[in-house]
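# Analysis of the macromolecular model
Each chain, letter by letter, is given below.
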There are 2 protein chains.
Amino acid sequence: SSRGCPAEDMEKEWETLRAWKERMGQELDRVVAFWMEHSHDQEHGGFFTCLGRDGQVWMYCRLYRKFQRFRRSELLDSAKAGGEFLLRYARVAPPDKKCAFVLTQSGLPVKVQRTIFSECFYTMAMSGDPALLHLFYQNEAVEMMDQIIHWVREDSSGLGRPQLPGAPAAESMAVPMMLLNLVDQLGEADEELAGKYAELGDWCAQRILQHVQRDGQAVLENVSEDGKELSGCLGRHQNPGHALEAGWFLLRHALRKGNPELRAHAIEKFLLLSFHSGWDPEHGGLFYFQDADNLCPTQLEWDMKLWWPHSEAMIAFLMGYSDSGDPALLHLFYQVAEYTFRQFRDPEYGEWFGYLNREGKVALTIKGGPFKGLVLLCSVQTLPPRPPPPPPPLTPDSH
Amino acid sequence: SSRGCPAEDMEKEWETLRAWKERMGQELDRVVAFWMEHSHDQEHGGFFTCLGRDGQVWMYCRLYRKFQRFRRSELLDSAKAGGEFLLRYARVAPPDKKCAFVLTQSGLPVKVQRTIFSECFYTMAMSGDPALLHLFYQNEAVEMMDQIIHWVREDSSGLGRPQLPGAPAAESMAVPMMLLNLVDQLGEADEELAGKYAELGDWCAQRILQHVQRDGQAVLENVSEDGKELSGCLGRHQNPGHALEAGWFLLRHALRKGNPELRAHAIEKFLLLSFHSGWDPEHGGLFYFQDADNLCPTQLEWDMKLWWPHSEAMIAFLMGYSDSGDPALLHLFYQVAEYTFRQFRDPEYGEWFGYLNREGKVALTIKGGPFKGLVLLCSVQTLPPRPPPPPPPLTPDSH
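Residues numbered from 1 in each chain as written. Chains lettered and ligands numbered in written order. Predicted model: local features only at pLDDT ≥ 70, side-chain atom pairs only at ≥ 80, totals over all residues. Heavy atoms only, no water.

To continue, consider the sheet that holds strand S9 (residues 305–306) of chain A. Residue and element names in this part refer to chain A. Ordered in space as S9-S10-S11, the three strands form an open sheet in which the pairing is antiparallel. Each edge of the sheet is formed by a strand with only one pairing partner; in this case those strands are S9 and strand S11 (362–364). Judged from the two bridges that link them, strand S10 (residues 355–356) and S11 form a sheet pairing that is antiparallel. Across the sheet, residue Tyr355 finds its bridge partner in S11, namely Leu364. (Pairing = 2+ DSSP bridges. Helix = DSSP H or I, 4+ residues; strand = E, 2+ residues; numbered from the N terminus.)

What follows is the structure, given as structure tokens:
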């Protein structure tokens, strides 16, 4: 790509990017059609497969709001039916705020996790869009958010996990990462809420940054509460998909705050470093789990390739490129997108496979499951469709 | 093998079997040497890697007691140090009987499961051998056993798992299977205890048999408490290794009770049926999980090959053969043993790999981990070393 004049190169790049945008758009249409057809429960409201985590209420609101072609009443009606179902059944023992991870079709709780994540996804769903849904939902989202903050920053005993003297006071990066996403979500269209959670957003960013360890050479999933590496395999545990996802949220936070140092740090450590250590040089794709000392992880599924880290990576690299114009980020987007469309997409029945083995063979044929719902593509779609800015001078650091 | 006269055939069979016994014996020596070298904590007692489940106390007692060549003081001393460590630290909050699943090196609890299994393995360890260990241990084993029975048959609330209205009252086969093993273990050398737990043994066998479903065509891991198939993927879930293990325990129970119907049923349903549906026709080896309708399981590791189902299968088939003389069972033992020794054994560093991918490639290089300790071979070793009885008439059923 170093042949030809810069203007021609830029034009070509732009064409490639546009082709990807179109491909993503077509994919999004297929995926939404798949879920519209298969996941709705006409009888009870709600969606089949994994209400807690699939975020279908949020996703449908988002699609309705951001895309002309999804401004269809059946999408909004489904989101509303799902929202009503969640409102009615998700909380296991109101007024207690703990939410179920799995519900039966008629809304009885089957499983409750002792973490904050079901409650976070509940908050996401309830914050889907105050203009579209009941205003009441927004209050529900804020109340749940405040409960989550209490669990994370004050007292976690309400989550039901016993405090054991041998268990280190570890922080999983997933926690501040998820919270930062909620802060962004709640503040997006509501300045009052943006103000209310501004300090929390900075706190989350600060806590996420503590997971960069070993003189900046590794992002670790678990660190001590004061930001030190933990001993043993818990401390060495890495989750490249989470690191890339955290990079996306940090980058967005940095852009909103106008913080160029944070932006550069997010790109360097959470996007580039995590990608280069997490990508399988032999078969392509991102590993699910790794060990920072290259020892063997203890999780049986560590070398599998999952759809979601690849979605996070595509979003993160496109956002980084869209902001910086650095072609290195664009080319990493291409690398992930090519792998992802080649390996995860199901050309026959629609939607994507979620779980491949290390070699890229489909290991599970399910399209939805306890941890997988509608594939996350609309964030890629909503990136500003503008031509790339002029490429910056090429320095060794930008590759 | 149908050529030659029957006597010659039998002689050849016997030679093959003896060769396998020798190979197993050598393997056992290597494996024990591995754990003697790597797992002992001289400072605190206990063993590194997963005290709760590896059963090293029980295993060392067993080896000491059953094998002339393991009647070595360091083995007994290690078992005692491990026993003392468990006695002192395993119970999280005495007098409560709940045991930790993971302890730190110095004995602080790290993780507690809301099941009976850590307590079952604690009972196993404490019942290692009353003559070798403290008599006090035996009392501890019986007290824990009575607590476990209370949790299983009377009231499970002490396990800490909330009762959720949407969760079906399901019985995992692992529960009566594990209990039956404990009944056998405790009663083995103690007639009083054998009497105390006789009714429980029959109850366990009865409950295990309820997991044979679909007109005898499938062993299901989870059924309702009154022995009906459950709906959804929970109901269709199969665990071939558990089915074979249950077959081993049922067979032993049937032999002790002199119950030929139960013996035949254990062989037909839990050994032969489970093996034939659980064996991967393409790459060999037993699947970890399956779905009774051949749908895709939701567990990411479903198609992996784990060491323990293969150990259970070898033990079960040899026990079945040793009792019946049916060469079909012997040939299944060969089939499993050949796969197992070819794929799991680590010729370089000793011990076995525990986790292979579907194709048989090593997926995790760990020798011990949260769920893997010393490889279970001594039960194969202790089978009666007698020549096989004359083969029974070959009927279609025996193949």
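Turning to the relation of the copies chain B and chain A, a few remarks are in order. Once turned by 180 degrees and shifted 0.0 Å along the axis, chain B lies on chain A with an RMSD of 0.0 Å. Interpreted geometrically, this transformation is the action of a two-fold axis. Minimal C-alpha distance to the rotation axis in chain B is attained by B:Glu301, lying at 3.0 Å. Mapped onto chain A, 100% of the interface residues of chain B are again interface residues, and the two copies thus contact each other with one and the same surface. (Least-squares fit on C-alpha atoms with pLDDT ≥ 70 in both. Contact = heavy atoms within 4.5 Å.)

For the coordinates displayed, the defined rule picks out 50 salt bridges over all chains. Taken together, the shared-partner salt bridges in this structure form one network comprising A:Asp280, A:Glu282, A:Lys305 and A:Arg358. (Salt bridge = Lys/Arg side-chain N within 4 Å of Asp/Glu carboxyl O.)

For any two helices packed against each other, one specifies the inter-axial angle together with the distance between the axes. Residue and element names in this part refer to chain A. At a minimum axis separation of 10 Å, helix H7 (residues 174–187) and helix H11 (residues 240–257) run at an interaxial angle of 40 degrees. As far as their axial angle goes, H11 and H7 are oblique. Relative to H11, H7 is oriented so that their crossing is left-handed. Side by side, H7 and H11 meet where Ala174, Met177, Leu180, Asn181 and Asp184 of the first sit next to His242, Glu245, Ala246, Phe249, Leu250, Arg252, His253 and Arg256 of the second. Of the residues that constitute the contact of H7 with H11, the class distribution is six nonpolar, three polar and four charged. (Axes fitted to C-alpha atoms, helices over the stretch in contact; angles between N-to-C directions. Parallel < 35°, antiparallel > 145°, perpendicular 65-115°, else oblique. Left-handed = near helix turned anticlockwise from the far one by under 90°. Nonpolar A, V, L, I, M, F, W, Y, C, P; charged D, E, K, R; others polar.)

So, on to the side chain of A:Lys98. All names here are of chain A. Of note, Lys98 is situated in the loop between helix H4 (73–89) and strand S1 (102–103). Classification of Lys98 as buried rests on a relative accessible area of 7%. Looking at Lys98, its side chain comes within polar contact range of the main-chain oxygen of Thr115, at 3.0 Å. Residues within four places of Lys98 in sequence aside, it is in contact with Ala90, Arg91, Val92, Val112, Gln113, Arg114, Thr115, Glu119, Trp151, Gly158 and Leu159. (Buried < 20%, exposed > 50% of the residue type's maximum accessible area, 1.4 Å probe, protein only. Polar contact = N/O pair within 3.5 Å; in protein donor to acceptor, adjacent residues only side chain to side chain.)

Taken as a whole and judged by the stated rule, the model has 32 aromatic pairs over all chains. A ring pair is formed by A:Trp20 and A:Phe333, whose centres lie 6.0 Å apart and whose planes are at 75 degrees; its orientation type is edge-to-face. Pair noted here: A:Trp20 is in helix H1 (residues 6–38) and A:Phe333 is in helix H14 (residues 327–343), with a separation of 313 residues, a long-range link. Assessed through its relative accessible area of 7%, A:Trp20 is described here as buried. An aromatic cluster is present here, built from A:Trp20, A:Phe333, A:Tyr334, A:Phe341 and A:Trp352 joined pairwise through their rings. For the cation-ring pair, A:Arg153 lies above A:Trp203, with the distance from its terminal atom to the ring centre recorded as 4.4 Å. Positioned above the aromatic ring of B:Phe353 is the side chain of B:Lys367, whose terminal nitrogen or guanidinium carbon lies 5.0 Å from the ring centre. (Phe/Tyr/Trp six-rings, centres within 6.5 Å; stacked < 30°, edge-to-face > 60°. Lys NZ or Arg CZ within 6 Å of the ring centre and 35° of its normal.)

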